[in-house]
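As a plain string of letters, each chain reads:
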Amino acid sequence: MALMTGAEYMESIRKMNMQVYMFGKKIENPQDHPILRPSLNSVRMTYDLAQLPEYKELMTATSHITGETINRFTHIHQSTQDLKNKVKMQRLCGQKTAACFQRCVGMDSFNAVYSTTYEIDEKYHTNYHENFKKYLAYCQTKDLTIDGAMTDPKGDRSKAPHEQDDPDLFLRVVERREDGIVVRGAKAHQTGILNSHEVIVMPTISMGEADKDYAVSFAVPTDAKGLYMIIGRQSCDTRKMENTTLDVGNEEFGGVEALVVFDDVFVPNDRIFMNGEYDFAGMLVERFAGYHRQSYGGCKVGVGDVLIGATAVAAQYNGVAKASHVKDKLIEMTHLNETLFSCGIACSSEGTKTASGNYLINLLLANVCKQNVTRFPYEIARLAEDIAGGLVVTAPSEADLRSPEIGAVVEKYFKGVSDVSTEDRLKILRLIENLTLGTAAVGYRTESMHGAGSPQAQRIMISRQGNLEMKKELAKKIAHIKA
Ligand code: SF4
Ligand code: FE
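From a predicted model like this one, the values you see are computed outputs, not experimental measurements.

**Student:** Before we move on, could you go through unusual backbone geometry and cite the residues and values that matter?
**Tutor:** Leaving glycine aside, a negative phi is the common case for residues, and trans is the common case for peptide bonds. In this structure, Asp-143 takes a positive phi of about 55° despite not being glycine. Within the fold, Asp-143 resides in the loop between helix H6 (128–142) and strand E5 (146–149). Given the relative accessible area of 0%, Asp-143 is considered buried. Despite not being glycine, His-189 shows a phi value in the positive range, around 55°. Mapped onto the secondary structure, His-189 falls in the loop between strand E7 (180–187) and strand E8 (198–201). Of the residues examined, His-189 reaches a relative accessible area of 58% and is grouped as exposed.

Here's what the structure looks like:
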């Protein structure tokens, strides 16, 4: 059985014994907590959609290892068509959840670790690639959700890992044993960790010899001994604990991030994919980041589709749908959103085969994609707020709307066009609030800025890949300059 149903996925996560903290307390059944459950529903969507015949081509693929039909989220890209299908699948999942569906970090680490382990083995005659292929086949056959963990807390940014006052601020190997290694440290901002069966850990920056112990990659189950998570707060998160569906804006779906602590976690030999080969840390980082920067040309576009749709509905409910400036702003939002999609498709179409046989995106175009993602969703959100109006942030609560005493007043004064109920008008405004200022703003706004690396990280890659010397030569030739 290589495809789980959504219900089977929920059950499989529920059976795990994860250590999850939130609001200073250990959470006993995190999957049932009202703040956390919407994030589980988002991952569930990646399973539910794979069951539907109309999405088979986007949501599933054939494993190049086992020949089985697998979920595309566990696939190793075999062609540029696979890379394009990945982006289209992410747009679809964004459209269906209006949230971060979390499973892409695993897919992106699969593909980055796959090609990097092959090249480490070529140079050092290690056995990482075979280890990884076995692990991958296990994840594909069981249809697991994997988290990809890269971002260390990093402490003083001006210092290398080994120079930090506290050596744990980058995750490292603290003990090497016959049967494996023991690791200590943490990974921050970990998307979807508590909805994942496993986590693949990778280094976060290029490293030198003095940082050898920090150049480590491996996989462990998310309920491994010594691993625990501390959930990050989201704006408006406790609304999910109030007796309201209207006020949360998106009742069913959400995302989640956490700090994940590795408190002397043991990793057996066959789950180690890098152990001291510091000269390959940069390659792994660059490839994982490249894949995830491509990803944003899909997922953010799908969420953007929902925001554009919500804005058009709000305009209609406000009675301004025909105003020419409103139409023009919706065109601008669409133009920006499709530009992001174009970048995601372009870096996929220009992908190339690696030495290991899988396909890597065009790194320059993937970085251009993500650089645009650090800007355009902000402009799309700004235009959404412009059209929707101030009621997005001043509307009374659902409790006021339902109140026997003042409900009729809320109903009366917040009515828009005559054929739409006040309740429906408030619902669409709350969705816009959720996407631009509430819990989903983590995924749509701040993550657009910092997820898969902050803007400056892309600019460094763009400067490396931009081939300025070649361009100078072009200009000199046209200008007949010989020197
Ligand atoms: Fe996937 Fe986007 Fe969430 Fe990253 S931010 S895990 S690409 S949905
Ligand atoms: Fe992300």
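**Student:** Could you give an account of the site of ligand 1, with specific residues and numbers?
**Tutor:** Around ligand 1, a shell composed of Cys-100, Phe-101, Gln-102, Cys-104, His-292, Ser-295, Tyr-296, Cys-299, Lys-300 and Glu-447 is seen. A total of five residues in the shell around ligand 1 trace back to one element, the largest contributor, which is helix H7 (residues 281–318). In terms of residue class, the shell around ligand 1 is made up of five nonpolar, three polar and two charged.

**Student:** I'd like to hear about the coordination of the iron ion (ligand 2), residue by residue, with values.
**Tutor:** Those donors, Tyr-296 (OH) and Glu-447 (OE), are the protein atoms that reach the iron ion (ligand 2), and they lie 2.1 to 2.3 Å from it. Remark: Glu-447 occurs in helix H15 (residues 441–450) and Tyr-296 occurs in helix H7; sequence separation between them is 151 residues. Neither Tyr-296 nor Glu-447 differs from the other in exposure class; each is buried.

**Student:** Explain the environment of His-189 residue by residue, including any values.
**Tutor:** For the pair His-189 and Thr-151, spaced 38 residues apart in sequence, the C-alpha to C-alpha distance is 7.2 Å. If sequence neighbours within four positions are ignored, His-189 has contacts with Thr-151, Glu-257 and Ala-258.

**Student:** Requested: an account of the nonpolar core, with residues and values cited.
**Tutor:** Counting residues in hydrophobic clusters, the biggest one holds 75 residues, and the most contacted among them are Phe-110, Phe-132, Tyr-135, Ile-200, Phe-218, Val-220 and Phe-262. Each residue touching Tyr-135, except ones within four places of it in the same chain, is listed here: Phe-110, Ile-146, Glu-198, Ile-200, Ala-219, Arg-271 and Phe-273. Core analysis: the second largest hydrophobic core is formed by 57 residues, Leu-246, Ile-308, Leu-330 and Ala-384 among them.

**Student:** Quick one: what's the story with the side chain of Glu-447, residue by residue and with numbers?
**Tutor:** Under the relative-accessibility criterion, Glu-447 is labelled buried at 13%. For Glu-447, the side chain forms a polar contact with the side chain of Lys-300, separated by 2.9 Å.

**Student:** Break down the environment of Thr-374 for me, with residues and values.
**Tutor:** Positionally, Thr-374 belongs in the loop between helix H9 (363–373) and helix H10 (376–388). The class for Thr-374 is buried, based on a relative accessible area of 6%. Along the primary structure Thr-374 and Glu-447 are separated by 73 residues, whereas in three dimensions their C-alpha atoms are 8.4 Å apart. When sequence neighbours within four positions are dropped, the list of residues in contact with Thr-374 reads Ser-448, Met-449, Pro-455 and Gln-458.

**Student:** How would you sum up the pairing of strand E11 (residues 258–268)? Please name residues and give values.
**Tutor:** Sheet analysis places E7 next to E11, joined by seven bridges and oriented antiparallel. Bridge pairing in E11 links Gly-185 to Phe-262. Alignment of strand E10 (residues 227–231) against E11, held across five bridges, turns out to be antiparallel. Among the inter-strand pairings, Tyr-228 is bridged to a residue of E11, identified as Val-261.

**Student:** Describe the sheet that holds strand E6 (residues 172–177), naming the residues involved and giving the relevant values.
**Tutor:** The pairing of strands in a sheet comes from backbone hydrogen bonds and takes either a parallel or an antiparallel form. Strands sit in the order E2-E1-E10-E11-E7-E6 across an open sheet of six strands; the sheet is mixed. Both outer strands of the open sheet, strand E2 (25–26) and E6, are each paired with one neighbouring strand and no more.

**Student:** If you had to explain helix H4 (residues 80–97) to someone new, which residues and values would you point to?
**Tutor:** Between its first and last C-alpha atoms H4 spans 26 Å; for 18 residues at 1.5 Å apiece the expected length is 26 Å, and the two agree. Restricting attention to buried positions, one finds in H4 the residues Asp-82, Leu-83, Asn-85, Lys-86, Val-87, Met-89, Gln-90, Arg-91, Leu-92, Cys-93, Gly-94 and Thr-97. Contacts made by the buried residues of H4 are with helix H2 (37–48), helix H3 (56–59), helix H5 (104–124), H7, helix H8 (324–349) and strand E14 (359–360). Where H4 begins, one side-chain oxygen reaches toward the backbone nitrogen of Gln-81, 3.3 Å away; that side chain belongs to Ser-79. Immediately downstream of H4, the backbone of Ala-98 shows phi near 55°, a positive value.

**Student:** Mind laying out a nonpolar patch on the surface, listing which residues take part and the relevant values?
**Tutor:** A contiguous nonpolar surface patch, about 220 Å² in accessible area, is contributed by Tyr-21, Ile-230 and Leu-259. Within the fold, Leu-259 resides in strand E11. Look at Leu-259 and you get partly exposed, because its relative accessible area is 31%.

**Student:** Tell me about the sheet that holds strand E12 (residues 272–275), and name the residues and values.
**Tutor:** Judged by pairing direction, the sheet is mixed, and its four strands sit side by side in the order E5-E8-E9-E12 without closing on themselves. This sheet does not close on itself; its edge strands, each paired only once, are E5 and E12. If you compare each strand with its neighbour and ignore which way they point, the axes differ by 20° on average. By the bridge criterion, four bridges tie E5 to E8 in an arrangement that is parallel. Paired with Ala-149 across the strands is Val-201, a residue of E8. In the packing of H5 onto the sheet, the strands contacted are E5, E8, strand E9 (216–221) and E12, and the crossing angle to E5 comes to about 65°.

Cut-off values and rules
- Residues numbered from 1 in each chain as written.
- Chains lettered and ligands numbered in written order.
- Predicted model: local features only at pLDDT ≥ 70, side-chain atom pairs only at ≥ 80, totals over all residues.
- Heavy atoms only, no water.
- Helix = DSSP H or I, 4+ residues; strand = E, 2+ residues; numbered from the N terminus.
- Buried < 20%, exposed > 50% of the residue type's maximum accessible area, 1.4 Å probe, protein only.
- Near = heavy atom within 4 Å.
- Nonpolar A, V, L, I, M, F, W, Y, C, P; charged D, E, K, R; others polar.
- Donors = N, O, S within 2.8 Å, 3.2 Å for Na, K, Ca; no water.
- Contact = heavy atoms within 4.5 Å.
- Core = buried A, V, L, I, M, F, W, Y, C linked by side-chain atoms within 4.5 Å.
- Polar contact = N/O pair within 3.5 Å; in protein donor to acceptor, adjacent residues only side chain to side chain.
- Pairing = 2+ DSSP bridges.
- Expected span 1.5 Å × (residues − 1).
- Patch = residues over 30% accessible without salt bridge, like charges linked within 9 Å, V, L, I, M, F, W, Y side chains within 5 Å.
- Areas by Shrake-Rupley, 256 points an atom, 1.4 Å probe, with all protein chains shown as cover.
- Salt bridge = Lys/Arg side-chain N within 4 Å of Asp/Glu carboxyl O.
- Axes fitted to C-alpha atoms, helices over the stretch in contact; angles between N-to-C directions.

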